[in-house]
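Below are the chains, spelled out letter by letter.
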Amino acid sequence: MTSSQTYSPQQLIELKQALREEAAQLGLHQLAITTATPADSLAAYEHWIEQGYHGEMGYLARPDRLDRRRDLNVILPGVQRLIIFTLPYWPGTFPDEQQDPMRGAISCYAWGRDYHKILGKKLKTLSRWLEEHGDTTRWYVDTGAIQERDLAERAGLGFTGKHTLLIQPQYGSGFFLGEILSSLPFPLDTPSHMPSCGTCSRCLTACPTDAFVAPYILDARKCISYLTIELKGSIPVELRPLIGNRIYGCDVCQQVCPWMRFADADESPLWGSPPEEVTAPKLIELLELDEEGFQRRFEGSPIRRLKRGRLLRNVAVALGNTGSTEAIEPLNQACEDDDPLVREHAQWALTQLQAQPA
Ligand code: B12
Ligand code: SF4
Ligand code: SF4
């Protein structure tokens, strides 16, 4: 089939089935198709931006990107469908937070290789397969100007939780989303009836930084995921004690969610059971990493995106929250670091520890 040929409705049903099989072979959990029209929540998104809840994530507010959200044809002229895929990553067990306060907490989505690469590779393969069948495509994981969750909900892949993440009734919210924009008029999926959060509000009250303005609305500027990953500069002083030992992302709003009881595999379906150095690394060891050591330790990990300075900034905050005098000497050394971001946060951590009752 070449791009000049058109498919009959029956052939498109068959092609969709063949695509589903290709996706399953690549380990993708689900696939659902929706029209390439803007998400119904576009106005809510624009209001969110107007409120400044996106903080320093300027790309979310860029006018050219807003244009793309309003019309996916700006990304791919002639686009007809959005094919959305899910890739589960959630492990059933987590390190015991209380066991050793001198260890940091890393969000489980970062326990393996960077998901942008893992999922991106699979989508690239599927895009190529579609193009061999006469389609014109673009694929994205996270980075496109596409409201992935809302569009995935419209496609029938789940429902939005009050924590703003997409939940699948059979699995919970521990999966990534990625999509292919397609120029073929594939038959749409018919979304089945979805449940909702009902009266539950566990995630809203459990959030350590009280980042939810209201159910379904997150002020990203207060979210630990934003503070430890996206924010490039200094972490607001009033939020630092609330971050605890979290040094890369946060899982709290998902961990408390009753829908997660269905994600009952002990291991992550994506990267098994990584060692403790990965899931809960020793904070002092991280604070002592030089540039070369940082690069070596985080080869292939999404944590590498942070660069050494931001990781050590987070580690200093976590050490300041331990209340342990064991951290004083390494923090004193970090106060001499070449990076002013590290020096400032190490200084703050020392002040915290020195303010502890003897
Ligand atoms: C920016 C971003 C962030 C920001 C902001 C998060 C946020 N809630 O917006 C920060 C850095 C904080 C973040 C954190 C995380 N993120 Co993030 N993030 C994104 C990104 C790139 C854009 C999201 C966005 O557009 N936000 C803007 C706001 C306005 O959108 P919204 O909160 O969804 O709001 C909509 C709905 O709430 C709806 N709405 C409003 N009112 C109401 C009322 C009702 C009743 C309903 C039903 C809906 C509704 O309308 C709003 C407008 O669209 C997406 C990828 C993508 N391109 O979509 C990943 C994405 C959402 N993130 C993801 C993940 C995994 C996370 C973390 C779990 C990572 C971690 N462990 O640290 C945390 C979770 C924090 C949380 N509770 O959201 C996954 C979520 C997968 C899933 N199952 O849903 C995504 C889809 C990435 C991916 N490709 O897999 N993230
Ligand atoms: S990821 Fe953590 S900080 Fe962010 S909203 Fe959820 S519980 Fe709050
Ligand atoms: S914890 Fe409760 S309110 Fe929050 S997303 Fe899960 S079901 Fe919904």
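Once a new chain begins, its residue numbering starts again from 1 and follows that chain's sequence as written. The order in which chains are written sets their letters, starting at A; the order in which ligands are written sets their numbers, starting at 1. Given that the model is predicted, a residue must reach a pLDDT of at least 70 before its local features are reported, and side-chain atom pairs must reach 80 or more before they are shown or counted; all residues, however, enter totals for whole chains, interfaces and linings. Just so you know, side-chain values use all the structure's heavy atoms and leave hydrogens and water out.

Quick look at the pairing of strand β2 (residues 81-88)
Piece 1. Accessible area is worked out with a 1.4 Å probe on protein chains only. A residue is then buried under 20% of its type maximum, exposed over 50%, and partly exposed in between. Counting from the N terminus, the helices are the DSSP runs of H or I reaching at least four residues and the strands are the DSSP runs of E reaching at least two. For β2, the tally of buried residues reaches eight of eight residues, placing the bulk of the element in the interior.
Piece 2. Taking every second residue as pointing to the same face, both faces of β2 are buried, with R81, I83, F85 and L87 on one and L82, I84, T86 and P88 on the other.
Piece 3. DSSP bridges decide pairing: two strands pair if at least two such bridges lie between them. Pairing between strand β1 (residues 30-35) and β2: six bridges, direction antiparallel. Bridge pairing links L31 to F85 in β2.

Some points on the side chain of H345
Piece 1. Positionally, H345 belongs in helix α15 (residues 340-354).
Piece 2. Exposure remark for H345: the relative accessible area of 0% places this residue in the buried category.

Re the site of ligand 3
Piece 1. All residues in the neighbourhood of ligand 3 are listed as G161, K162, H163, I167, C197, C200, S201, R202, C203, C257, P258 and W259.
Piece 2. Charged means Asp, Glu, Lys or Arg here, nonpolar means Ala, Val, Leu, Ile, Met, Phe, Trp, Tyr, Cys or Pro, and polar covers whatever is left, Gly included. Along the lines of polarity and charge, the residues of the shell around ligand 3 split into seven nonpolar, three polar and two charged.
Piece 3. Summarising the domain contributions, the shell around ligand 3 has at least three residues from each of domain 1 (9-91 + 113-182) and domain 2 (202-354). Definition of nearness: a residue and a molecule or strand are near each other if at least one heavy atom of the residue lies within 4 Å of the molecule or strand. As used throughout, domain bounds are those supplied by an automatic or database domain assignment.

What to know about the site of ligand 1
Piece 1. Contacts to ligand 1 come from 38 residues, most closely from Q147, E148, R149, D150 and L166.
Piece 2. Here a polar contact means two N or O atoms within 3.5 Å. Within protein one must be a hydrogen donor candidate and the other an acceptor candidate, and residues neighboring in sequence count only if both atoms are side-chain atoms. Separating a nitrogen atom of ligand 1 from a side-chain N or O atom of T164 is a distance of 2.9 Å.
Piece 3. At a separation of 2.8 Å, an oxygen atom of ligand 1 approaches a polar backbone atom of L166.
Piece 4. Elements with a minimum of two residues in the shell around ligand 1: α2 (42-50), α5 (148-155), β7 (175-182), α7 (224-230) and α9 (252-255).
Piece 5. Residues of the shell around ligand 1, tallied by class, amount to 21 nonpolar, 11 polar and six charged.
Piece 6. Looking at which domains feed residues into the shell around ligand 1, each of domain 1 (9-91 + 113-182) and domain 2 (202-354) supplies at least three.

Quick word on the sheet that holds strand β4 (residues 137-140)
Piece 1. With antiparallel pairing, the four strands of this open sheet are ordered in space as β1-β2-β7-β4. Because the sheet does not close on itself, it has two edges, and the strands there are β1 and β4. Averaged over all pairs of adjacent strands, the angle between strand axes in this sheet comes to 20°, irrespective of strand direction.
Piece 2. The pairing of β4 with β7 spans four bridges and is antiparallel. Paired with W139 across the bridge in β7 is I180.
Piece 3. Note on contacts: a residue pair qualifies if any of its non-hydrogen atoms lie within 4.5 Å across the two residues. Here, axes are lines fitted to C-alpha atoms. For helices the fit covers the stretch in contact, and angles between N-to-C directions go from 0 to 180 degrees. Helix-sheet contacts for helix α1 (residues 9-25) involve β1 and β2, and the interaxial angle to β1 is about 140°.
Piece 4. Helix-sheet contacts for α5 involve β1, β2, β4 and β7, and the interaxial angle to β1 is about 95°.

Points about the packing of aromatic side chains
Each aromatic ring pair is described using two quantities: the centre-to-centre distance and the angle formed by the ring planes.
Piece 1. Aromatic contacts are taken between Phe, Tyr and Trp rings whose centres are within 6.5 Å, Trp giving its six-membered ring; a plane angle under 30 degrees counts as stacked, one over 60 as edge-to-face, and the others as tilted. Applying the stated rule across the entire model yields 12 aromatic pairs.
Piece 2. When the centroid spacing of 6.4 Å and the interplanar angle of 45° are considered together, the rings of W259 and F262 count as tilted.
Piece 3. Within the aromatic cluster, the residues linked to one another by ring pairs are Y89, W90, F94, Y109, W111, Y115, F176 and Y248.

Regarding the pattern of salt bridges
Piece 1. The term salt bridge refers to a pairing of a side-chain nitrogen on Lys or Arg with a carboxyl oxygen on Asp or Glu at a separation within 4 Å. What the rule picks out here adds up to 13 salt bridges.
Piece 2. In this structure, D64 engages R62 in a salt bridge whose closest nitrogen and oxygen atoms are separated by 2.9 Å.
Piece 3. On the accessibility criterion, D64 (34% relative accessible area) is partly exposed.
Piece 4. Residue R62 is classed as partly exposed on the basis of its relative accessible area, which comes to 39%.

Some remarks on α5
Piece 1. Buried within α5 we find E148, L151, A152 and A155. Along α5, the residues classed as buried sweep out an arc of 105° about the axis, all on the same side.
Piece 2. Where α5 is buried, its residues contact β1, β2, β4, β6 (166-167) and β7.
Piece 3. A positive phi of about 105° marks G156, the residue just after α5. Throughout, the arc means that of the directions going from the helix axis to the C-beta atoms.

A short note on the domain arrangement of the protein
Piece 1. Assigned domains of the protein: these are domain 1 (9-91 + 113-182) and domain 2 (202-354).
Piece 2. If you average the C-alpha positions of domain 1 and of domain 2, the two centres end up 28 Å apart.
Piece 3. At the junction of the two partners, domain 1 supplies 31 residues and domain 2 supplies 36 residues.
Piece 4. Reported buried area values correspond to the accessible surface (1.4 Å probe) lost by two parts on association, with both partners' losses combined. Summing both sides of the interface, domain 1 and domain 2 together bury roughly 2,800 Å²; the carbon and sulfur share of this comes to 68%.
Piece 5. Summed over the three residues of domain 1 that lose the most area to domain 2, namely Y53, W90 and K162, the buried surface amounts to 25% of that side.
Piece 6. For the pair domain 1 and domain 2, the number of links is zero salt bridges.
Piece 7. Of all the elements in the fold, those that place two or more residues in the side of domain 1 that touches domain 2 are β2 and β5 (159-160).
Piece 8. Its residues placed into classes, the side of domain 1 that touches domain 2 shows 15 nonpolar, 12 polar and four charged.

Focus on helix α3 (residues 63-70)
Piece 1. Within α3, burial applies to R65, L66 and R69. Looking straight down α3, one finds that the buried residues subtend no more than 100° of arc, so they occupy a single side.
Piece 2. Close packing links the buried residues of α3 with α2.

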